[in-house]
Amino acid sequence: MITIIDETVILRYLLNDEKRQSAEARRIIEQGDAYTYPEIIARVVVVLRDVYRVPRSLIGRTIVRLLDDVTVAEEEAVRLAARSFGTTLLDFTDCMVVARNTLHGYRVKSFDKPMMKKTID
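Just so we're clear, the structure is a prediction, and the values are computed from it rather than from any experiment.

**Considerations on helix α1 (residues 7-15)**
Along α1, the residues classified as buried are Glu7, Val9, Ile10, Leu11, Arg12 and Tyr13. Check the buried side of α1 and you find it contacts α2 (19-30), β2 (34-36), α3 (38-50) and α4 (56-66).

**Quick look at a nonpolar patch on the surface**
Residues Ile2, Ile4 and Tyr37 make up a contiguous nonpolar surface patch of about 290 Å² in total accessible area. Inspection of the secondary structure puts Ile2 in the segment before β1 (3-4). For Ile2, a relative accessible area of 58% gives the class exposed.

**Some points on the side chain of Glu7**
Inspection of the secondary structure assignment puts Glu7 in helix α1. Classification of Glu7 by relative accessible area gives buried; the value is 16%. Among all residues touching Glu7, those that are not within four sequence positions of it are Ile40, Arg43 and Val44.

**Brief notes about the side chain of Arg79**
Positionally, Arg79 belongs in helix α5 (residues 75-85). At 2.8 Å, the side chain of Arg79 forms a polar contact with the side chain of Glu75. If near-sequence neighbours (up to four positions away) are discounted, Arg79 is found in contact with Val64, Leu67 and Asp68.

**Here's the deal with unusual backbone geometry**
Its identity is not glycine, yet Asn16 carries a phi of approximately 50 degrees, on the positive side. Phi angles above zero are rare outside glycine, and Arg53 is one such case at about 55 degrees. Mapped onto the elements of the fold, Arg53 is located in the loop between α3 and α4. Overall, Arg53 belongs to the exposed group, its relative accessible area being 63%.

Calculation notes
- Residues numbered from 1 in each chain as written.
- Predicted model: local features only at pLDDT ≥ 70, side-chain atom pairs only at ≥ 80, totals over all residues.
- Heavy atoms only, no water.
- Buried < 20%, exposed > 50% of the residue type's maximum accessible area, 1.4 Å probe, protein only.
- Helix = DSSP H or I, 4+ residues; strand = E, 2+ residues; numbered from the N terminus.
- Contact = heavy atoms within 4.5 Å.
- Patch = residues over 30% accessible without salt bridge, like charges linked within 9 Å, V, L, I, M, F, W, Y side chains within 5 Å.
- Areas by Shrake-Rupley, 256 points an atom, 1.4 Å probe, with all protein chains shown as cover.
- Salt bridge = Lys/Arg side-chain N within 4 Å of Asp/Glu carboxyl O.
- Polar contact = N/O pair within 3.5 Å; in protein donor to acceptor, adjacent residues only side chain to side chain.

Next comes the structure, spelled out in structure tokens:
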């Protein structure tokens, strides 16, 4: 049975900072039926960056590794966005737009973000 997990579960899993909740998060994720959405990953990225002050490069690598354990909608785009987030100054949501553009050839229009028009190598 699939279990939808939110950012609180993912954060407890990644941070291992609250004994009971971290153990439960680990159990759910290690069962192999944890599922989440790109917007939840975006929340995780923001919390890690803004609250825990984790370096962008480490956040990018951590999210990519997380996706080996958690199923996420648009996994390929999320992986690409996580790698991009770790090496650029774009917000994660902007990285998702660029990743989708790269994967699907979508045209992107932005009045203030020239990078958004590019693709990721």
